[in-house]
Amino acid sequence: MYYRSFKFVSFLALFAVMLGQNLFAATTDNIPSIKLSNLNGHNLTEQISYFSLLGNSQALPRNKATLEALISSLQPHTDTNLSGDKYVAVFELNNDTQQTEWFIYPYGSVVQRIEIFCYDCSKFNETVKSGHGLNNQQDFHYGSKMEISPGQRKTIAILFDSPYFFSPIKIVVKPFEQTVKLFHIENVLLLIGLGISLALGIYNLFIFSSTHNYQYLTYALSTLSYGTAWAIVFAVPHYLGFENSLIFGLPAFLIGSIFTCFFNIQFLQLDKVSPKIALTLKIVALIALISIPFAFYNYETGLYLATFSTSLTAFIGIYTGVRCWINGYSPAKYYTLALLSVALPNMVVNLINIEFLPGLNVNIYLLGLIGNCLDSLLLAFALAAQLRVLTLKNNELNASLETKVARRTVELKEANLKLEKTNSDLIEANNAKSRFLATMSHEIRTPLTSIIGYADGILTGDIDKAEQERVTKIISENGNHLLNVINDILDISKIDANKLEFESIPTPLFSVLAQVESLVGKRARDKGLAFYLNYQYPLPAHINTDPTRLKQILFNITNNAIKFTENGYIGLSVALVQNKLQITVKDSGEGISLKQQEKLFQPFTQADNSINRRFGGTGLGLSISQRLAKGLGGEITFNSTLDKGSTFTLNIMVDVVENTSWINSVAEIWRSTPSRSIQPAKIPNFSGNTVLLADDHPNNRELISLLLKRMKITVTKVENGQQALEVLYRQNFDLILLDIHMPIMDGTLALKQLRSTGNNTPVIALTANNMKHEIDEYMAIGFSEHLAKPIDRRDFIRKLSLFLTMQGDSEQVLSKEDMLNLVSEYQDNLREQLVKIDKALKQRDLSVVSEIAHNISGSAGSFGFALIGNKFANIEKSALQDDEIAITFELPKIIALAHQCTDLPCVNIPQGIVNHKNNVELFLKAIYEFAEDAEQIFIQLQDALINSETNSALVHLYRLLPSTHECALTEAESALKSMEVMITSGHTNLSEFKPYLNLIETQLRQLNNVLEPNLMN
């Protein structure tokens, strides 16, 4: 029994010994042993063991065995938490060298507290504290000196406990003497770099104080900010006695980034050279500014924000610097090199900080500081180079100025010589002026004699009523002649003053020629002369020229031909010769002698005085025509034989309209009229947004609501401010549109009550009161924006975009059908309002007049009747001031004008208003202009049909057709289209056109009977 018990106890003892050995082996395996002869200053980071102490407040033991037991119970530490961590690094050093003094150097990050524990065999040897803001053994460096005798082993435990890590820590063990030498070199570089930054910053502040050039200020502040940031990283402020400086480190980097952005903009003049890049840099600066509070609050967040801001600033700066360098701006060379010198090391530091790159076996922060120092120096060179460029430009300007002065001196001498010649020319000009005045006196007084004499005869009753029509015609003819004389004088004056304007617009060539053919052909035939127009094909359908000036030239030449031709013919020939448009006017008149040809194009002269007596005229026509031809890029030449006729040829350079058709026969001419296409306007898609609309006028509500719905907005409509408040108590909206003048409760009172409840929904004021002081008053009350009535759609969309979220583009703003319906409804409403206000005027009820006038002025513009709205706004003011005289005098005329806007025979008024950009004023002016010109064009159309002039008939028809469409004379438009089909199909029988001609003539007569253009004034 005893033997068995002994055997069992022995087995347990043996098991315990084996278990202890196994445990010890497991423990020692956790502490790697490293021979110092294998180090040679290499990074030990990957060779040693790390254990996490997060949540563990226990201090490291002073006994090695206890340490081994502790770390065996800990979890391995793999990744460093940059926002705060606590872990221990453990390793054994085996000194197999002859050196005794060594230095353990943790580096590569900013850490608050490091404790280095040294265990000699199983005993605790020593502990050393190090870290940012502590009194380290070596200035500006972490770590501790350690004595390990040759052949000795020591276990090292390094405790890292910090609320921040800028990057994972690296550990190096080096001989102490070698390490101290390295630290001395690094300290010298550190202090030199900080000194350079400080010196350059202060020096450029001094330059700024003298020059007030802001690029020196931003450069100085950027340099000082970055220098301060790096000084804080190396704990220089703590060395100087400033505690807790690290909190300002990351904000300093962000501030440096802000000033760097603005320096880049100023130095490269990006606001002018590349506004988009300038805007991008301003946005980066704004992001950096917003990031500063976060950098104070949290180190990890601040680290990422500073990394992003500085990297993006450097990248954009390098990109723009290279662009400017390539474009020839030499100072950009230093600028680019400066940013590269700071970007490369700092990009490496930033990428290591965010663990994108592994660590390097060098002091990465010192590299960053050196790069920053090089950046400051090279930027100083860049500023110097910029100053040199400016100096060279100033020297060039001075040299250029001296050259100009010398050249101007020579020119002045030449001008004096020319002045002497000019004096003689002035004498001749004075003589010419005398001749001109004598001629003009005759030309003006002759028609005035007839005009005044016959007018006096009518007024005194010397002329019978039966003769008055004939006399009136004589007065009209002489008045027109006098007008032509004055027009000639004005044209030649404008040409001499270089104030005659030429335009180059796409011009239908055959339309211009047809107008000349129609007028000149009739005059020639009336005089008993034959007339022909000959086209030499091919000819372009459209050319770029000034059609008015071209017709003026042709009318002058052809009128002269008719004037001086008593028998025979007048002919026009049109051809394209060597890329020039050549128009020849030939007549069989009396011709021009060689002596007369010498002064043919001189102003104020004619062939001889007998011509003036026989035919009249100012002698300006051909002079003006030649100058106009030169303005069109050409000239007029002539060939004449006495008693056999003359040939005048106009040659102008041809600028053919791109993609125009080329005409090869008469049958193709009518097809050359271009058609126009209108692209529908696009509007935003605001789907998902809600709007409350308050307006007392139903037509306004309908129009604005329709516009909002077209933009996919959900609309709630109410009639006054009281209803708006009731709806707002139950429902929230993204935006409120509030009319100012409403019954029960107006817009301003509704807004005040709304704001008093704490509701800050954006509110836009809708009103016809658009004076600046009125708008300022609305904004002061608390309105978010202001929209003028009538609603301008672009402004409407722009202001909606300030407050609503856009989802893309929607369809066109408002279809024509929708607008036609709205205008038609408002037309009926306006008729009713006119009846009411006319009744109120007769009853002298100014309060009703004011109310109706306000209603019309506040709504008319939204439906195209802005002209009427403005007129009634003036009536409203007069009514509010009790100005009964003004109302009695003005209101009947305004009502008459309004009736012209609502009731015109043969006209679809809503269609006409929509066709004229929803503007009744443009519509009325178009109607007045159409009515004034249409009768003459209609007569020309009839004459062309009578004479079977197909081309001219089509041209005159095309002059009428667009106007009938735009002015919405729908029946007349239909008749013209039917006639167009008949003409192009070859119909020439006048009787077939008669029904259509009679309809058009009747409608033109009815329209002319009711139109009163004077009402517009």
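Up top is the structure these notes are about.
Below you will find a few notes about this structure. (Residues numbered from 1 in each chain as written. Predicted model: local features only at pLDDT ≥ 70, side-chain atom pairs only at ≥ 80, totals over all residues. Heavy atoms only, no water.)

Helix and strand counts for the protein come out as 31 helices and 23 strands. Within the protein, the fraction of its 1017 residues that count as buried is 47%. Once local pairs closer than 6 in sequence are excluded, the contacts in the protein between residues at least 24 apart make up 73%. Accessible surface for the protein amounts to roughly 52,000 Å². Of this, 55% is attributable to carbon and sulfur atoms. (Helix = DSSP H or I, 4+ residues; strand = E, 2+ residues; numbered from the N terminus. Buried < 20%, exposed > 50% of the residue type's maximum accessible area, 1.4 Å probe, protein only. Contact = heavy atoms within 4.5 Å. Areas by Shrake-Rupley, 256 points an atom, 1.4 Å probe, with all protein chains shown as cover.)

Another aspect to go through is the side chain of Asn264. Following the sequence through the fold, Asn264 ends up in helix H6 (residues 249–267). The exposure class of Asn264 is buried, given its relative accessible area of 1%. Every residue in contact with Asn264, bar those within four places of it in the chain, is listed here: Leu270, Leu281, Thr313, Gly317 and Tyr335.

Strand order in this open sheet of five strands is S20-S19-S21-S22-S23, and the pairing throughout is parallel. Each edge of the open sheet carries a strand with a single partner, namely strand S20 (714–718) and strand S23 (785–788). Pairwise comparison of adjacent strand axes, ignoring direction, gives a mean angle of 20° for this sheet. Note that strand S19 (residues 690–694) and strand S21 (residues 735–739) share four bridges and pair parallel. Its bridge partner lying in S21, Leu693 is registered against Leu737. (Pairing = 2+ DSSP bridges. Axes fitted to C-alpha atoms, helices over the stretch in contact; angles between N-to-C directions.)

A few words now on the packing of helix H26 (residues 884–902) against helix H28 (residues 920–946). At a closest axis distance of 11 Å, the pairing of H26 and H28 adopts a crossing angle of 80°. Between H26 and H28, the angle falls in the class roughly perpendicular. In contact with Leu897, Gln900 and Cys901 of H26, H28 contributes Val920, Leu924 and Tyr928. Across the contact of H26 with H28, the residue classes break down as five nonpolar, one polar and no charged. (Parallel < 35°, antiparallel > 145°, perpendicular 65-115°, else oblique. Nonpolar A, V, L, I, M, F, W, Y, C, P; charged D, E, K, R; others polar.)

The next subject is the pairing of strand S17 (residues 645–653). The buried fraction of S17 is high, at eight of nine residues. When strand S15 (residues 580–587) meets S17, the two strands line up antiparallel, connected through seven bridges. In the sheet register, Lys580 faces S17, and the bridge partner there is Met653. As paired elements, strand S16 (residues 634–641) and S17 share eight bridges and run antiparallel to each other. Its bridge partner being in S17, Ile636 is matched across the sheet by Leu650.

Moving on to the nonpolar core. With 92 residues, the main nonpolar core has Leu708, Leu737, Phe796 and Phe865 as its most contacted residues. Considering each element in turn, this core owes the most residues, 14 residues, to H28. When sequence neighbours within four positions are dropped, the list of residues in contact with Leu737 reads Val691, Leu692, Leu693, Ala694, Ile704, Leu708, Ile764, Leu766 and Phe796. (Core = buried A, V, L, I, M, F, W, Y, C linked by side-chain atoms within 4.5 Å.)

This part covers the environment of Val585. Topologically, Val585 is positioned in strand S15. Its relative accessible area of 2% is what places Val585 among the buried residues. C-alpha of Val585 to C-alpha of Phe648: the two residues are 63 residues apart in sequence and 5.2 Å apart in space. Setting aside residues up to four positions removed in sequence, Val585 forms contacts with Ile557, Thr558, Ala561, Gly571, Leu572, Ser646, Thr647 and Phe648.

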